[in-house]
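Commentary on secondary and tertiary structure
Now for the letters of each chain:
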Amino acid sequence: MNREIFKYLFFALVVLITPVFFQGNYLMNVLVFMGINTMLAIALNLLLGYAGQISLGHAGFFGLGAYISGVLTATYSWNPWFAMSFAAALVGISAFLVGFPVLKLKGHYLAMGTLGLGIIIYIMFNETVELTGGPSGFSGIANLSIGTLIFDSDFKNYYLIWTFVLVTVLLSLNLANSRVGRALRALHDSEVAARVMGVNARLLKVQIFALSAVICSVAGSLYAHTMTFIAPPSFGFNFSVELLTMVVIGGLGSIYGSFLGAALLTLLPEILREAKDYDIVIYGLILMLMVMFMPGGLVRGVPELFRKITGKGGGNA
Amino acid sequence: MLEVSGITQIFGGVTALKDVSFVVRKGDITGVIGPNGAGKTTLFNIIAGIYTQTSGRVILNSNDVSGFPPERLAYLGMVRTFQNIELFGQMTVLENVMVGLHTKSRCGMISSALKMPWARSEEKKIRNEAMKWLDFAGIIDLADTVSANLPFGKGRLLETARALASEPSIILMDEPAAGLNSQETWQLSQLIKRIRDLGVTVVLVEHDMELVMDICDRIIVLNLGEKLAEGTPREIQENPYVIAAYLGG
């Protein structure tokens, strides 16, 4: 128990002091994205890693959060915090209602169903031109602010977004180690046995789907308010797949794993920029090797690798 | 306690069960036996809410529970175990039993995520209760083992402990001795007797005749989807129809 608290405090400390080393660097901007991706990866991991339900439409919920927030603040001059809360509530309720029919599907069919959902949302962003600006994007979104503090620089946004990340991590850890978290994992391992033990499988799946969508929506709103400009390609199918990759590479069913996955997939393209035209090849190769040699993800694979390198004579099981 | 009345189940054109009725008395160990294809497992799945019968009723504590899903039956005090044991493989032995306490606890998503004081105390209670049932089943030393790594016999004990953790009034066991060696079977029979001593009604489908004759208070014999006989182990052993059905008439 205490180890969990220690781990969290260490994580929080790292998050808080990191900007000291990167102040004024363009990497601050990358770190802001990393925070948003971490939230999204955790959201998807709650659904996929814990409850065992796949979604290829999560970029859609991310986009809904961004567009609802963006349109309400820029076109209707709402307060950004209200817009963000309203978006989260609306997306949560919608996901809950859509979840009932969609989550009846299993396995590949569920992947197809959620894929369709994501595509519908994506098309909506493109086609409702008078509302969203369509393919040319939507600009003029207000920054978030508290009193006179306006979050308008990478440095400020870093702290804004990583505060949300820290809260998300804490709540997700709590949830994972609770009665509900156990029911989710039980559902993953044997749905029929979970039901026999009194777990309402259908309702629980829909609830976690909605919660996951709400986190995505909040991340989307944060994205919109920090970027102040959004366009449909950020919320397409490719991004849903990228989220899925983060979760798998990081480690299914591990909250910190989602952070590691998001961190790697956000930083890798920046690091590989040096490699010029070969970046995409190396990127693909790294992901391939990781899936082959670290099937449990970074969160399990790295400690194991570490043990292999340092403690050959240590002889642990 | 449990009453099955006029159950008929038709799959496509095949009649798997035909007008089966019987009453399970409170506090008894009741065995359901029969040759392969007699309809035992089908009957079991209907009672446990996995299948919905073509016609007939299942009555639990004088409530008609026909067609109720398993999660609702769990709240009404009926749980089951599985022939091929259905454990939550990636979870520890203790966590498996903690899931068994799902109906005995109530914290939802929000209070769990915020770790409210009552969620904390409930969690502690769940853990203590679960340890108690592990002790009852004699596997408390395995509490932190990942359940997928358990040998089959221990898995069976765990599944039983998990079912008991919900404090059911009736437990259905689908071939509990399947896959066990004779020593494990003996252990299990002792455990089942202790379950009865707790006041829990036990219904089991079983192939192991020795076990059935040893522990059951009453036996129901199915053959070709119909009830062939019902009675004490002694009556069943002496019933000429049963002998004919088993030896092939």
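Data block above holds the structure.
These figures come from a predicted structure and were not determined experimentally.

A look at the sheet that holds strand β4 (residues 55–60) of chain B
All names here are of chain B. In space, the 4 strands of this open sheet follow the order β2-β1-β4-β5, with antiparallel pairing throughout. Two strands lie at the open edges of the sheet, namely β2 (14–24) and β5 (63–64), each paired on one side alone. Across 7 bridges, the pairing between strand β1 (residues 2–11) and β2 is antiparallel. Within β2, the residue paired with Phe-11 across the bridge is Val-14. Sitting on the sheet, helix α1 (residues 40–47) touches β1, β2 and β4, and the angle it makes with β1 is about 115°.

Overview of the interface of chain A and chain B
In many analyses, interface size is given as the accessible surface area lost on bringing the parts together. Contacts between the two partners involve 23 residues from chain A and, on the opposite side, 31 residues from chain B. For the side of chain A that touches chain B, the secondary structure elements donating two or more residues are α7 (154–176), α8 (179–189), α9 (191–196) and α10 (201–227) of chain A. Sort the elements by how many residues they give to the side of chain A that touches chain B and α8 of chain A lands first, with 7 residues. Class assignment of the residues belonging to the side of chain A that touches chain B gives a composition of 12 nonpolar, 6 polar and 5 charged.

As for the sheet that holds strand β8 (residues 201–205) of chain B
Residues and elements named next belong to chain B. Sheet architecture is open: 6 strands sit in the order β6-β7-β8-β3-β9-β10, paired in mixed fashion. A strand with exactly one partner marks an edge of an open sheet, and here the two such strands are β6 (78–81) and β10 (226–231). Each adjacent strand pair in this sheet contributes to an overall mean axis angle of 15°, direction not counted. By the bridge criterion, 5 bridges tie strand β9 (residues 218–223) to β10 in an arrangement that is antiparallel. In the strand pairing of β10, Ile-220 is matched with Glu-230. This element, helix α7 (residues 182–197), spans β3 (29–33), β7 (170–174) and β8 of the sheet and lies at about 145° to β8. Here helix α10 (residues 240–247) sits on the sheet and contacts β9 and β10; the angle it forms with β10, its principal contact strand, is near 130°.

Some thoughts on helix α5 (residues 117–137) of chain B
Working note: α-helix, 3.6 residues per turn, so residues spaced by three or four point in the same direction. For α5 of chain B, spanning 21 residues, the distance from its first C-alpha to its last is 31 Å, which sits close to the expected 30 Å at 1.5 Å a residue. The set of residues buried in α5 of chain B consists of Ala-119, Glu-122, Ile-126, Ala-130, Trp-133, Leu-134 and Ala-137 of chain B. Taken around the axis of α5 of chain B, the buried residues stretch over an arc of 115°, which confines them to a single face. Exposed and oriented more than 90 degrees from the buried face of α5 of chain B are Pro-117, Ser-121, Lys-124 and Asn-128 of chain B. In this fold, the buried residues of α5 of chain B make contact with α8 of chain A together with α3 (93–100), α4 (109–113), α6 (152–165) and α7 of chain B. Just past α5 of chain B, the residue Gly-138 of chain B takes up positive phi, approximately 75°.

Regarding unusual backbone geometry
Excluding glycine, residues mostly have negative phi values, and the peptide bonds linking residues are mostly trans. Residues and elements named next belong to chain B. Of note in the backbone geometry, Ile-85 takes a positive phi value of approximately 30° without being a glycine. You can see Ile-85 is positioned in the loop between β6 and α3. Exposure remark for Ile-85: the 23 C-beta atoms within 10 Å place this residue in the buried category. With phi around 50°, Lys-115 is a residue other than glycine that occupies positive phi space.

Side note on the pairing of β3 of chain B
Residue and element names in this part refer to chain B. Counting buried positions over the 5 residues of β3 gives 5, a clear majority of the element. Here β3 pairs with β8 via 4 bridges, running parallel. Residue pairing for β8: Thr-30 is matched across the bridge by Val-203. Bridge analysis of β3 against β9 gives 4 bridges, and the strand direction is parallel. The partner of Val-32 across the bridge, within β9, is Ile-220.

Points about the nonpolar core
Core analysis: the largest hydrophobic core is formed by 169 residues, its most contacted members being Leu-40 and Ala-219 of chain A together with Ala-161 of chain B. Among the elements that take part in this core, α10 of chain A stands out by supplying 16 residues, more than any other. Sequence-distant contacts of Ala-161 of chain B, defined by excluding residues within four places in its chain, comprise Val-97, Trp-133, Leu-134, Phe-136, Ala-137 and Ile-139 of chain B.

Quick word on the environment of Leu-267 of chain A
Mapped onto the secondary structure, Leu-267 of chain A falls in helix α12 (residues 255–271). The sequence separation of Leu-267 of chain A and Leu-27 of chain A amounts to 240 residues, and the corresponding C-alpha distance is 9.1 Å.

About the cut-offs
Residues numbered from 1 in each chain as written. Chains lettered and ligands numbered in written order. Predicted model: local features only at pLDDT ≥ 70, side-chain atom pairs only at ≥ 80, totals over all residues. Pairing = 2+ DSSP bridges. Helix = DSSP H or I, 4+ residues; strand = E, 2+ residues; numbered from the N terminus. Contact = placed C-beta atoms within 7 Å. Axes fitted to C-alpha atoms, helices over the stretch in contact; angles between N-to-C directions. Nonpolar A, V, L, I, M, F, W, Y, C, P; charged D, E, K, R; others polar. Expected span 1.5 Å × (residues − 1). Buried ≥ 20, exposed ≤ 12 C-beta atoms within 10 Å, placed from the backbone. Arc of directions from axis to C-beta. Core = buried A, V, L, I, M, F, W, Y, C linked by C-beta atoms within 7 Å.

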